[in-house]
Amino acid sequence: MIELRNVSVTFTSKQRRDVEAVKQASISINTGEIFGIVGTSGAGKSTLVRTINLLERPTSGRVIIGKVDITDFKGKSLRDIRLKIGMIFQHFNLIHTKSVASNIRFAMKAAGKPDNEIEQRIPELLSLVGLLEKAHTSPAKLSGGQKQRVAIARALANQPDILLCDEPTSALDLDTTKSILELLKDINRRFGITIVIITHEMDVVKSICDRVAVMGEGEIVESGTVYDVFANPNHNLTKQLVRHSLTLELPDRLIAEFKGIIFKIIYRGSQAESPILSEAVALFNLKLNILHGKIEYIGGKPLGLLIIGVAAPADTIAALFKYLQESTYSVEVLHESD
Amino acid sequence: MNPINILFKMFPDLGKAFLETFEMVGISLSLAIIFGILLGLFLYITRKGLFLENAALNLLAGIVINIIRSVPFVILLVLLLPLTQFLTGTTIGPIAASVSLSVTAIAFFARLVEAALCEVEPGVIEAALAIGATPLHIIYSVLLSEALPGILRGLTVTAISLIGYSAMAGIVGGGGVGDLAIRFGYYRYQTDVMLVTVVLLIILVQAIQISGENAADKADQK
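Conventions used here
By convention here, each chain's residues receive numbers from 1 onward along its written sequence. To label them, take the chains in the order written and letter them from A, then take the ligands in the order written and number them from 1. Restriction of local features to residues with pLDDT of at least 70 applies here, the model being predicted, together with a cutoff of 80 or more for giving and counting side-chain atom pairs; totals for whole chains, interfaces and linings are based on all residues. Side-chain metrics in this entry use all non-hydrogen atoms of the structure; hydrogen atoms and water are not considered. Each domain span listed reflects an automatic or database assignment of domains. Residues count as neighbours in contact if any of their non-hydrogen atoms are within 4.5 Å of one another. By convention, the term buried area covers the 1.4 Å-probe accessible surface removed from two parts as they join, with the contributions of both added. The term salt bridge refers to a side-chain nitrogen of Lys or Arg lying within 4 Å of a carboxyl oxygen of Asp or Glu. A 3.5 Å cut-off defines polar contacts: any pair of N or O atoms within that distance qualifies, except that in protein one atom must be a possible hydrogen donor and the other a possible acceptor, and neighbouring residues in sequence count only when both atoms are side-chain atoms. Put plainly, a pocket is an open set of points on a 1 Å grid over the protein atoms alone with protein on both sides within 12 Å along at least five of seven lines, a cavity is a set where a 1.4 Å probe fits but cannot get out, and a lining residue has an atom within 4 Å of a point. Grid points are joined across faces, edges and corners, and a volume is the space filled by probe spheres set on the points. Helical segments are the DSSP runs of H or I of at least four residues, strand segments are the runs of E of at least two, and each set is numbered from the N terminus. When residues are grouped by polarity, Ala, Val, Leu, Ile, Met, Phe, Trp, Tyr, Cys and Pro land in nonpolar, Asp, Glu, Lys and Arg in charged, and all others, Gly among them, in polar. Two strands are said to pair when DSSP picks up at least two bridges between them. Working convention: axes come from line fits to C-alpha atoms, limited for helices to the stretch in contact. Angles between N-to-C directions cover 0 to 180 degrees.

(A) Structural view of the domain arrangement of chain A. All names here are of chain A. Entries for chain A in the domain assignment read domain 1 (2-244) and domain 2 (252-336). Every contact between the two is made by 8 residues of domain 1 and, on the other side, 10 residues of domain 2. Between domain 1 and domain 2, a total of about 800 Å² is buried, with carbon and sulfur atoms accounting for 52% of that surface. On the domain 1 side of the contact with domain 2, Lys206, Tyr227 and Ala231 bury the most area, a combined 71% of that side's loss. At the boundary of domain 1 and domain 2, one finds 2 salt bridges. The salt bridge involving Arg268 is made with Asp228; its shortest N-O contact spans 3.1 Å. At the boundary of domain 1 with domain 2, the tally comes to 4 residue pairs in polar contact (both at pLDDT 80 or more).

In structure tokens, the structure reads:
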């Protein structure tokens, strides 16, 4: 549905050095999927997403939407494409001097829709986002979450095929973030709209994205399904971003006092659901302590992390280690007491 | 003489003076609205990074406006006498005075309009572009709408400033309240008359200020 081929965006300036905001980025986004683009601030994510609807023109590279190369589009042809691409922003960007309904009306008037169609569609859209009663309210009187809902309603007004989301929840609290993400997921399921979501929050990606691209300093360093990127990060930057999912902090006191060996075990997929530990206990006649652990479900698939402590003779430990290596994704020795 | 007596006695003169002031301010304000908004829009649109980026035109317009605003109004009045003669066939009276008042008003208001337009959040304009609206539609429906409270406040400032400028119009025989105050208060030493006119002016300016603020607040809360 969306393809960016070797897109680069360089900002030229007479006073300062040229800034290469995006360097040779290539992405391919499938129809109907929710695609995330993550990275720290300044990585170039916002610039990259803006090349999709040409709010930023690539200095080089091609932008292809639905098999049509739109890179050189201008004027009416560009506007026609933009009518089919909705966009929401971190700071909502609602027209402050227009009511909620008038904001939506503006979008539909831009598409040249007739008045009766507009007046019919506005309540439809507002019901979809749960704000029917706020139709005549001014944006200033709405909370952040409500403003973003209005922005979503406005972005969907002309039945777009694509919805671009630039840090849509970065200015919202946790609960509001959850409800907005649920709304986006619902819209994706119901209407099959392809969603591209930019964020610096890994939790957002974990919660609704199908695939994700990781950006650092203008380049895409890694991409894949969300599960694979979390469970098996390759690039250092990715490892940094997902480290919260794959590390658990143990108190120093515990590490210092424990007599025995401490293992960190990572389970992927069905492994997380099978009773590997209880089998190990039975097999090796062990006593083991579970010191820390968690299982995350990413897109419904489990990713488990367990920290166990075992006190046993050296050869038993070695056998246990080998057994765990074979039945889990990875085992690592965290600490060994003398 | 007490104020009520003055008002009563001077009524014909005061009435004529106020009508002349309204005439001068009315004409120049109307022209300021038409051309000031257009000029202010022009200044905004030709800025870097916007619709019709054009550094040369932007600079040219800016310089012309700066020159008009640099010249003290009294001198501008005199400098524009040939133009006044050409446009109105005379150099005396409220209509003649309106020529230089309008020039000043347009330049003054254009800068205020430009300032109000610059205050509009760029993100809102970006969103309108992303929606796929035409530039004209965005200017009319988003830009001017968002800038309207600022524009109305600028208009209030302009109107009140023009009342002050119109006092100098007395120099070309334009009449008006300011001119009356100067004639009676300064030249004839009748300070009580001058004070009465000042009080009336204060009331007038207050009224303009309040209605301007109300209009701007209403535009804010649509």
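(B) Representation of empty space enclosed by the protein in the model. Under the counting rule described, the total for this entry stands at 1 cavity of 30 Å³ or more. Put simply, the largest cavity is a space of about 110 Å³. Taken together, Arg82, Leu83, Ile85, Gly86, Met87, Ala107, Arg154, Ala155 and Asn158 of chain A together with Ala127, Ala130 and Ile131 of chain B form the lining of the largest cavity. Listing elements by their share of the lining of the largest cavity, those giving two or more residues are α2 (75-83), β6 (85-88) and α5 (144-156) of chain A together with α6 (122-131) of chain B. Tallied by class, residues from the lining of the largest cavity come to 8 nonpolar, 2 polar and 2 charged.

(C) Region of interest: the sheet that holds strand β11 (residues 261-268) of chain A. Residues and elements named next belong to chain A. If you walk across this open sheet you meet the 4 strands as β12-β13-β11-β14, and the pairing is antiparallel. Across the chains shown, the open sheet's two edge strands, defined by having one partner strand only, are β12 (288-298) and β14 (330-336). Strand-to-strand twist of the sheet, defined as the mean angle between neighbouring strand axes without regard to direction, takes the value 15 degrees. Where β11 lies against β14, 6 bridges are found, and the strand directions are antiparallel. Across the sheet, residue Phe263 finds its bridge partner in β14, namely Val333. Running over the sheet, helix α12 (residues 314-327) touches β11, β13 (301-310) and β14 and is turned about 15 degrees from β11.

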